[in-house]
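As a plain string of letters, each chain reads:
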Amino acid sequence: MSHVYFQSLEKAYEHIDNIALVNTAKVLKSMQKFRVSDSHFAGTTGYGYNDVGRDILDAIFADVFEAEDALVRVQFVNGTHAISCALRAVTQAGENPSYISLVGKPYDTLQGIMPFKHIDVTSDGSPDFEEIKKAVSDNKPRAVLIQRSRGYSTRKSLSIDVIKTLIDLVKDLSPETYVLVDNCYGEFVEELEPTAVGADLIAGSLIKNPGGGLAVTGGYVAGKKHLVEKAAEALTVPGIGRECGSSLGQNRLLYQGFFMAPHIVAQAVKTAVFAAAEMERRGYAVSPPSLEKRSDIIQSINFDDRVKLIKFVQGIQASSPVDAFAVPEPWAMPGYDDEVIMAAGTFIQGSSIELSCDAPMREPYCAYLQGGLTFEAGRLSIQAALRNAGIID
Ligand SMILES: *Cc1c(COP(=O)(O)O)cnc(C)c1O
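Residues numbered from 1 in each chain as written. Predicted model: local features only at pLDDT ≥ 70, side-chain atom pairs only at ≥ 80, totals over all residues. Heavy atoms only, no water.

Caption draft 1: Seen up close, the environment of methionine 342. Relative to the helices and strands, methionine 342 is located in strand E10 (residues 340-343). As for methionine 342 and aspartate 358, which are separated by 16 residues in sequence, their C-alpha atoms are 4.2 Å apart. Setting aside residues up to four positions removed in sequence, methionine 342 forms contacts with Val313, Gln317, Pro328, Met333, Cys357 and Asp358. (Helix = DSSP H or I, 4+ residues; strand = E, 2+ residues; numbered from the N terminus. Contact = heavy atoms within 4.5 Å.)

See below:
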């Protein structure tokens, strides 16, 4: 995998805009095909039977993600909840391990849900294909988990090409094994989603990429029909599944957010590329490099300096549209070993498709930056943070 994929920043930005164009065309075509109209935005109350807008949005997510079926619900409280229901759909209660995580450990919040085994990445942060082969052919596991995004680890995010290679490998060695992909932070960063290259099920959060900055809460799962049904039963109860769950007046925002999502994701990816380029120019180590092809919206920046890191994060907060007056400080967050500092001046609480930045207070003092609803605000914010950290005048 080459670190320099694009010849210039302009080429990188152009590529990102082209992906947004392709994905916008898909979303538009699907909304037209399903004859989306005003009446779909009305929604239901109470039990939520016959919520046509909700059910059509399921069909649109499935269509755009090239999946048999999808379940898009405000009743998923976050991404963890959606992935948890997806995990319950592909596993059998009581089995130990319930699944194998192929590329390092699953995301922190998933680790307590059920027992798992994991395969570490290689020293350069790539999937360990030899170990994966061995584990899959020896165990023929009921399910494997692949996390697309780097999350808050130092490994690389997985491109759709690499995800396809992993899926083909698993299906070749053990055709019955279900492949679940944690798709958080990945939607619309490339032209295809994991369901288009053979994933049995994917899941993610609506206050990240596919909510387009407009969804106020929720999550989704998409994939094989019988697995989506099982995930729906995990979300509600067996026998009711997807039939209940009123949309609480949110349908219009979910549709409009999905329509906006390819463009908004491009804004976030361009903000990440800009941040990487600005830091590289001043000698900081970043991952991924500005000219590398991306598969998620996360940018990590290595400050190697506690004070600069804190000042940078505070600069991001101070240049936000919301809570700009607040000054974040490192604090002991439940569930984390080190103190953490977070900037999130967002319209939707904790939304990380909006520009946000967090960092554990430990060496090498690395910040994880993601989101950005507009490239303009993203650039202004990065520059303000660099000034606040004394890195530029
Ligand atoms: C955000 C995220 C999740 C889910 O986190 P929530 O905060 O519960 O939405 C899971 N996996 C990855 C890789 C993520 O980025």
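Caption draft 2: Spotlight on the pattern of salt bridges. Per the stated rule, a full pass over the model turns up 19 salt bridges. The closest approach of N and O atoms between glutamate 193 and arginine 148, which form a salt bridge, is 2.9 Å. Of this pair, glutamate 193 sits in the loop between strand E5 (178-182) and strand E6 (201-205) while arginine 148 sits in the loop between strand E4 (143-147) and helix H5 (160-173); the two residues are 45 residues apart in sequence, bridging distant segments of the chain. The exposure class assigned to arginine 148 is buried, which follows from its relative accessible area of 0%. Salt-bridge contacts for aspartate 168 lead to lysine 164; the nearest nitrogen and oxygen are separated by 2.8 Å. Of the two residues, aspartate 168 and lysine 164 are both situated in helix H5; the distance of four residues between them amounts to about one turn of the helix. Under the relative-accessibility criterion, aspartate 168 is labelled partly exposed at 38%. The class of lysine 164 is partly exposed, set by a relative accessible area of 36%. (Salt bridge = Lys/Arg side-chain N within 4 Å of Asp/Glu carboxyl O. Buried < 20%, exposed > 50% of the residue type's maximum accessible area, 1.4 Å probe, protein only.)

Caption draft 3: Representation of the site of the ligand. Close to the ligand lie Asn78, Gly79, Thr80, Ile83, Tyr107, Gln147, Asp182, Cys184, Tyr185 and Lys208. Notes on the ligand: free accessible area 380 Å², of which the protein chains cover 88%. If one sorts the elements of the shell around the ligand by residue count, helix H3 (residues 79-90) sits on top with three residues. Here the residues of the shell around the ligand are counted per class, giving four nonpolar, four polar and two charged. (Near = heavy atom within 4 Å. Areas by Shrake-Rupley, 256 points an atom, 1.4 Å probe, with all protein chains shown as cover. Nonpolar A, V, L, I, M, F, W, Y, C, P; charged D, E, K, R; others polar.)

Caption draft 4: Inspection of the packing of aromatic side chains at higher detail. Tallied over the full model, the rule gives 15 aromatic pairs. Measuring from ring centre to ring centre gives 4.0 Å for phenylalanine 61 and phenylalanine 258, while their planes differ by 20 degrees; the resulting arrangement is stacked. Taken as a pair, phenylalanine 61 in helix H2 (residues 52-64) and phenylalanine 258 in helix H7 (residues 251-281) lie far apart in primary sequence, 197 residues in all. For the residue pair phenylalanine 61 and phenylalanine 258, the accessibility class agrees, reading buried in each case. Where phenylalanine 65 meets phenylalanine 258, the ring centres are 5.9 Å apart and the plane angle is 70 degrees; that geometry is what we call edge-to-face. In this pair, phenylalanine 65 is assigned in the loop between H2 and strand E1 (69-73) and phenylalanine 258 in helix H7, connecting sequence segments 193 residues apart. Taking the relative accessible area as the measure of exposure, phenylalanine 65 reaches 1% and is therefore buried. (Phe/Tyr/Trp six-rings, centres within 6.5 Å; stacked < 30°, edge-to-face > 60°.)

Caption draft 5: Inspection of the pairing of E5 at higher detail. The buried count for E5 comes to four of five residues, which makes it a mostly enclosed element. Here five bridges tie E4 to E5, and the two strands are oriented parallel to one another. Directly across from glutamine 147, in E5, lies its bridge partner aspartate 182. With H5 bridging E4 and its parallel neighbour E5, the resulting β-α-β unit is right-handed. (Pairing = 2+ DSSP bridges. Right-handed = clockwise from strand over helix to strand, strands pointing away.)

Caption draft 6: The sheet that holds strand E12 (residues 366-370), seen in detail. Strand order in the open sheet formed by five strands is E8-E9-E12-E11-E10, and the pairing between neighbours is antiparallel. Bordering the open sheet on either side are strand E8 (285-287) and E10, each of which pairs with just one other strand. Put simply, the sheet's adjacent strands are angled 20 degrees from each other on average, direction ignored. Running at roughly 30 degrees to E10, helix H8 (residues 306-318) makes contact with strand E9 (299-302), E10, strand E11 (356-360) and E12 of the sheet. (Axes fitted to C-alpha atoms, helices over the stretch in contact; angles between N-to-C directions.)

Caption draft 7: Structural detail: the nonpolar core. Ranked by internal contacts, the top residues of the largest apolar core, which has 91 residues, are Leu102, Phe303 and Phe312. Per element, the largest residue contribution to this core is 14 residues, and it comes from H7. One finds Phe76, Ala82, Ala203 and Leu235 within the second-largest nonpolar core, a separate group that totals 25 residues. (Core = buried A, V, L, I, M, F, W, Y, C linked by side-chain atoms within 4.5 Å.)

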